[in-house]
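What the coordinates show
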Amino acid sequence: MAHPTVVHQDDLQSIWLETLLVFQRRLARPSFETWLGETKALGVEASSLVVRFSNEFARDWVAARYQEELNAILQSVSGRPWTVRMVVAGSTGQERPSTPMGTAGPLVADAPAERPPRASVHDRLRPSEHAPSPEPPATGGARPSSRLNPKYRFETFVVGPSNEFAHAAALAASEAPGEAYNPLFLYGGVGLGKTHLMQAIGHYVLRQHHDLSVVYVSSETFTNDLIRSLGRKAMVDFRAVYRTVDVLLVDDIQFVAGKESTQEEFFHTFNALYEAGRQIVISSDRPPKEIPTLEERLRSRFEWGLTADIQPPDFETRTAILRRKALAENLHLPDEVLNYIASQVDSNIRELEGALIKVVATASLRSCPVTLEVAAEALKDLVRSAQPRPTTIAAIQRAVADYFGLTVDDLVSKRRTRNVTMPRQIAMFLARELTDASLPRIGEEFGGRDHTTVIHACEKIRAEQGMDPSLARALQEIHGLVDKV
Ligand SMILES: Nc1ncnc2c1ncn2[C@@H]1O[C@H](COP(=O)(O)OP(=O)(O)OP(=O)(O)O)[C@@H](O)[C@H]1O
């Protein structure tokens, strides 16, 4: 269906900035700035928001990894069925659109303008459908299927002490879907391989069990599908897919926090699948217990099966991942450079891969071999930004809001319900502990409150943390989040 696209240029830019704001949590800051920091919304063409990148390399990097995710966020931010069309300013001043990269897998593709937005109800895969193919599969008529990324297989997953348990559990669930470990709950920090492992399960099941179907969705896509289906009164179709699939893989479940109707539907989906002995695999950035505002009945179900964590990789695993990646991309780097990169990026494998590409790109732009000097030069911003940045009240507010499934606006609002006042007091306390800001300044940043309110909050939290271990742990975890937001 054609949608009116008369939107003012300033509004477009703010829609894009808001999309980036949501998206930036997915990437560490240096990476985000490198790839997306200089983008600009140019206009709308048919159903695409045209976004300009400063160079082809950044555009291709983002398109290869995040096209679908950016589409989904853009759709929820704009309320329109838009996709992101990534272009670069060409030397002639013409905009060059992105082309799917050979290695990019199925997630890259500029949707033709008339095509309706992707709907994951059709992300249901049968064995014949998951091989990369230019044609959309037969399911669901006009809509494309977002297939599994061909790169995310067990064969390409490097196993080390940090992930061997999760890997073994994933393999066991793939070998006997619905029998061993149901549900399987995988959790770990950003960019540590949860999506890779989940999709590896999907590939494996499709290859080994020819009669089984697989659905892989992010919880955001599940939510968007649900909203669309409700709007179009297409719940029968929605349920026909989600409640009958043999293996349901739901990525990043933490994003259902606070979304009641999604949780409600997911609860029934879970029950239907579980009772029918179908495999459910869920991933999250934290264990079920720590997902704020997750309904108790879902939390307890997530704990029925096996919960496996993925930790940041050690140095050897990081080097092995780099070596495997270099091999896959046919890149030739001396060991000392691989080791150097592995020593500089230690907590996020996506970052690690980004660093590798950056080093190779820098050498290639300069037409020189990949040496240690080039690597150091290419990664200098990364190294510099690894130095601790001073903590800001805004960062604390974002971390606290994220942790409790609230918005920063809630924290600074006048609302006085307990689900807001407690997080607000925690945020004030942390602002006092972690920044140099004065009491009046903190009050000011929290919706213009009086400094005595801040004193009261600090005293209360300080006293309670001594008596309440769960509060003490929450404080610690939020502290850990502050530098990442
Ligand atoms: N053990 C591993 N071996 C090889 N590559 C890996 C491994 N772990 C992660 N990667 C790679 O790191 C990148 C990030 O992994 P992935 O997207 O699976 O992380 P994630 O945990 O799902 O992140 P997020 O929290 O952002 O959803 C991917 O390109 C993935 O292939």
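Residues numbered from 1 in each chain as written. Predicted model: local features only at pLDDT ≥ 70, side-chain atom pairs only at ≥ 80, totals over all residues. Heavy atoms only, no water.

**Some thoughts on helix α17 (residues 418-434)**
Between its first and last C-alpha atoms α17 spans 24 Å; for 17 residues at 1.5 Å apiece the expected length is 24 Å, and the two agree. Regarding α17, the residues found buried are V420, T421, M422, P423, R424, Q425, I426, A427, M428, F429, L430 and A431. Next to the buried residues of α17 lie α15 (393-404), α16 (408-412), α18 (439-445), α19 (451-467) and α20 (469-482). (Helix = DSSP H or I, 4+ residues; strand = E, 2+ residues; numbered from the N terminus. Expected span 1.5 Å × (residues − 1). Buried < 20%, exposed > 50% of the residue type's maximum accessible area, 1.4 Å probe, protein only. Contact = heavy atoms within 4.5 Å.)

**Topic: the site of the ligand**
Within the structure, the ligand sits among 19 residues, and V158, K194, T195, H196 and E353 are positioned closest to it. In the environment of the ligand, an oxygen atom lies 3.4 Å from a nitrogen or oxygen atom belonging to the side chain of D252. Calculation on the ligand without its partners gives an accessible area of 640 Å², and the protein chains cover 95% of this total. Among the residues making up the shell around the ligand, the classes are represented as seven nonpolar, seven polar and five charged. Among the domains, domain 2 (154-309) and domain 3 (315-386) are the pair contributing at least three residues each to the shell around the ligand. (Near = heavy atom within 4 Å. Polar contact = N/O pair within 3.5 Å; in protein donor to acceptor, adjacent residues only side chain to side chain. Areas by Shrake-Rupley, 256 points an atom, 1.4 Å probe, with all protein chains shown as cover. Nonpolar A, V, L, I, M, F, W, Y, C, P; charged D, E, K, R; others polar. Domains from an automatic or database assignment.)

**Focus: the pattern of salt bridges**
Evaluated as defined, the whole model comprises 21 salt bridges. Close ionic contact of R243 with E265 constitutes a salt bridge, the shortest N to O distance being 2.9 Å. Taken together, the residues R243 in the loop between α7 (235-242) and β8 (247-251) and E265 in helix α8 (residues 260-275) connect sequence positions 22 residues apart. On the basis of relative accessibility, which here comes to 25%, the residue R243 falls in the partly exposed class. According to the relative accessible area criterion, E265 is buried, its value standing at 6%. Between K325 and E329 there is a salt bridge, with its nearest N and O atoms 3.4 Å apart. Linked by salt bridges that have partners in common, R239, R243 and E265 make up one network. (Salt bridge = Lys/Arg side-chain N within 4 Å of Asp/Glu carboxyl O.)

**Here we look at the confidence of the model for the protein**
On average, residues of the protein score 82 in pLDDT, and 83% of them are at 70 or above. At the low end of the mean pLDDT range in the protein sits strand β4 (residues 95-97), at 52; at the high end sits strand β9 (residues 279-284), at 96. Note that pLDDT drops below 50 for residues 128-146; the model gives that stretch 38 contacts with residues more than four away or on any other chain. (pLDDT = per-residue confidence, 0-100.)

**Looking at the pairing of β9**
Burial analysis of β9 places six of its six residues in the buried class, the great majority of the element. Residues Q279, V281 and S283 of β9 are buried on one face, and the alternating residues I280, I282 and S284, pointing to the opposite face, are buried as well. Of the strand pairs in this sheet, strand β6 (residues 184-188) and β9 are connected by four bridges, and their pairing is parallel. Residue pairing for β9: L184 is matched across the bridge by V281. Relative to β9, β8 runs parallel, the two being bridged by four bridges. Bridged to L248 within β9 is I280. In this region the chain leaves β8, passes through α8 and returns to the parallel neighbour β9; the handedness of that crossover is right-handed. (Pairing = 2+ DSSP bridges. Right-handed = clockwise from strand over helix to strand, strands pointing away.)

**Considering helix α6 (residues 219-231)**
With 13 residues, α6 ought to run about 18 Å at 1.5 Å a step, and its terminal C-alpha atoms sit 18 Å apart, in line with that. Two residues or fewer past α6, K233 is found with a positive phi of approximately 55°.

**Things to note about the nonpolar core**
If you look at soluble globular proteins, the nonpolar side chains tend to sit buried side by side. Core analysis: the biggest nonpolar cluster contains 50 residues, and L184, L333 and I341 have the highest contact counts within it. Looking at which domains feed residues into this core, each of domain 2 (154-309) and domain 3 (315-386) supplies at least three. In contact with L333, not counting residues within four places along its chain, are A326, L338, I341, L356, V360 and V370. (Core = buried A, V, L, I, M, F, W, Y, C linked by side-chain atoms within 4.5 Å.)

**Focus on the packing of aromatic side chains**
Inspection of the entire model under this criterion finds 13 aromatic pairs. Ring centres of F270 and Y274 lie 5.8 Å apart, and the angle between their planes is 10°; this geometry places the pair in the stacked category. Separated by four residues within a single helix, F270 and Y274 lie in helix α8, roughly one turn from each other. Judged by its relative accessible area of 1%, F270 is buried. Taking 6.2 Å as the distance between ring centres and 50° as the angle between the ring planes, the aromatic pair formed by F270 and F302 counts as tilted. Taken together, the residues span a long stretch of sequence, with F270 in helix α8 and F302 in helix α9 (residues 296-302) at a distance of 32 residues. One aromatic cluster is present, built from ring pairs that chain together F185, F222, F238, Y242, F266, F270, Y274, F302 and W304. (Phe/Tyr/Trp six-rings, centres within 6.5 Å; stacked < 30°, edge-to-face > 60°.)

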